[in-house]
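Residues per chain are reported as follows:
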Amino acid sequence: MMIALIWLYSTAYEEKLHDLSQMAKNQARLINAVARFDKRYSQHDHVGGPIEATISQVIDANMTSIRQDGTLDVLIAKIEGDKIQFLMRLAGPLPTPKPLADHLNGPISKAIKGMSGAESTHDFKGTAILAAYEPIDELNLGIVTKIDLSEVQAPFLKAAAGISVIAIFLVILASLSNRKIFRPVIDQLIDAKNEAEKADRAKSDFLANMSHELRTPLNAIIGFAEVIKSNPAPSSEEKQKHNEYAHDIHTAGHHLLQVINDILDMAKIEADSLQIHEELVDLEYLIRDCRTMLSLAAENQNISITTNPTNLSSIPNVYGDPTRLKQIITNLLSNAIKFSNENGQVIIHVTVQHSGSLDISIEDHGIGMAEHEIPIALSKFGQVQSSYARDHEGTGLGLPLVQMLTHIHEGEFKVESWINNGTKATVTLPASRVKQKNKL
């Protein structure tokens, strides 16, 4: 039990460093974009000069949208002589200038010097922290995002104390286990404890995933919208830059809508309130439509999408909800493209079995997963602790949603995967839903 707690703490530690690093990168990227825009098109009369003018815009446009949660803090600073001068802080007043040589200024000093990373260290007050740092190259500044290490440790220390109490209690009960009356009580307590731990982990996973998936596009939308708003009458050259910002806003908004739709669909299915409208579906047309819809994403990675058989006119129709069947194929095809290597191939197999059931398999030859990671990927909000999740964004709802939609159609869903050799996801629809075209 304690080993599991230590493993969970290690996972939370790494996740928090990852989140801080993502936040630092996003803020640095946004400030650099605004600074480049200001240098090329804007003239400021700000008393603090162009750097303070840019920082002021970013604070007004973006920093106020970051919710100050717990001990979270964001600092931006520059080097003046042999001291570090702080320009912005999310939580609390600005620190006084600090000596550049002071080891307690490690993260911000590294950021200003052009380095990027995340680490466990101490801040300028000597408090143990987790910190991520990024350079702001356009302005020769550095940004640090940090939280107190105690905030990460606190729930696990509390859990450890609780586990110790439970362990002592179970030892006492175990000593009385020869009396049959206590055995059901012990089993119930263990089951209740396991369920409570499972629910707590699910809640933590949900909050961690949603925090990242919702805040990242929201910050981009708000930040770029404010930049456009600050210059309502752009010149012809500035209009091109505004078009790029508008494209970024559209992309972020589309991603945000997809995240929300997945959450709502999952909630409806679990509440048994998802509306299904079944009809005879032309599977050939449906697959072609999904393939066309994702062709641009595939082309951007030089990935080819093929079908087996090549001529889809021979495949039968199926009976089901066309919208949900399309959602199943689109999710699987999108996953296959996302996790394929550049210049790779994604194959859509359609096979009618001897029993009359129909298999729709989508196969890629990308990074794949280990066998023990597949159940994690199929769990709600589950993301495997490998490059499969680390290098790609996502809520962890895609495969679980496909599985639930398949079950609604009385089908079965199976995932096979091999590390560095790709993944094959198969949806099997029962013979009762397969309708040959010549037997309509």
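A few points on the structure. (Residues numbered from 1 in each chain as written. Predicted model: local features only at pLDDT ≥ 70, side-chain atom pairs only at ≥ 80, totals over all residues. Heavy atoms only, no water.)

1. A word on the sheet that holds strand β9 (residues 317-320)
Okay, step 1: Across the sheet, three strands lie side by side as β7-β9-β14; this open sheet has antiparallel pairing. Of all strands in the sheet, those bounded by a partner on one side alone are β7 (279-281) and β14 (434-435).
Okay, step 2: When β7 meets β9, the two strands line up antiparallel, connected through three bridges. Note on β9: the bridge partner recorded for Leu280 is Tyr319. (Pairing = 2+ DSSP bridges. Helix = DSSP H or I, 4+ residues; strand = E, 2+ residues; numbered from the N terminus.)

2. As for empty space enclosed by the protein
Okay, step 1: By the definition in use, this model includes three cavities of 30 Å³ or more.
Okay, step 2: Taken as a whole, the largest cavity holds about 120 Å³ of empty space.
Okay, step 3: The wall of the largest cavity is formed by twelve residues, among which Leu332, Asn335, Ala336, Asp364 and Thr423 lie closest to the centre.
Okay, step 4: When residues of the lining of the largest cavity are traced back to their parent elements, those giving at least two are α9 (322-338), β11 (358-364) and β13 (422-429). (1 Å grid on protein atoms, 1.4 Å probe; cavity = no way out; pocket = protein on both sides within 12 Å on 5 of 7 lines; lining within 4 Å. Points joined across faces, edges and corners; volume = space filled by probe spheres on them.)

3. Section: unusual backbone geometry
Okay, step 1: Cis peptide bonds are those with omega within 30 degrees of zero, and the linkage from Asn308 to Pro309 qualifies with 10°.
Okay, step 2: With respect to the helices and strands, the residue Pro309 is situated in the loop between β8 (304-308) and β9.
Okay, step 3: A positive phi is found at Asn140, a non-glycine position, where the angle reads about 55°.
Okay, step 4: One can find Asn140 in the loop between β5 (128-136) and β6 (141-148).
Okay, step 5: Looking at Asn140, the relative accessible area reads 60%, which means it is exposed.
Okay, step 6: Here Asn420, not a glycine, exhibits a phi torsion of approximately 65°, which is positive.
Okay, step 7: With respect to the helices, strands and loops of the structure, Asn420 is situated in the loop between β12 (412-418) and β13. (Buried < 20%, exposed > 50% of the residue type's maximum accessible area, 1.4 Å probe, protein only.)

4. Examining the pairing of β11
Okay, step 1: Here β11 lies mainly inside the structure; seven of its seven residues are buried.
Okay, step 2: Burial along β11 is two-sided: the residues Leu358, Ile360, Ile362 and Asp364 and Asp359, Ser361 and Glu363 are all buried.
Okay, step 3: Of the pairings in the sheet, the one linking strand β10 (residues 345-352) to β11 comprises seven bridges and is antiparallel in character. Its bridge partner lying in β11, Thr351 is registered against Asp359.
Okay, step 4: Sheet analysis places β11 next to β13, joined by six bridges and oriented antiparallel. By the bridge assignment for β13, Ser361 is matched with Thr426.

5. Looking at helix α7 (residues 283-293)
Okay, step 1: Where α7 is concerned, the buried positions are Leu283, Glu284, Leu286, Ile287 and Cys290. Seen from one end, α7 has its buried residues packed into an arc of 165°, which puts them on one side. Along α7, the residues that are exposed and aim more than 90 degrees away from the buried face are Tyr285 and Thr292.
Okay, step 2: Those residues of α7 that are buried are in contact with β7, β9, α9, β10 and β11. (Arc of directions from axis to C-beta. Contact = heavy atoms within 4.5 Å.)

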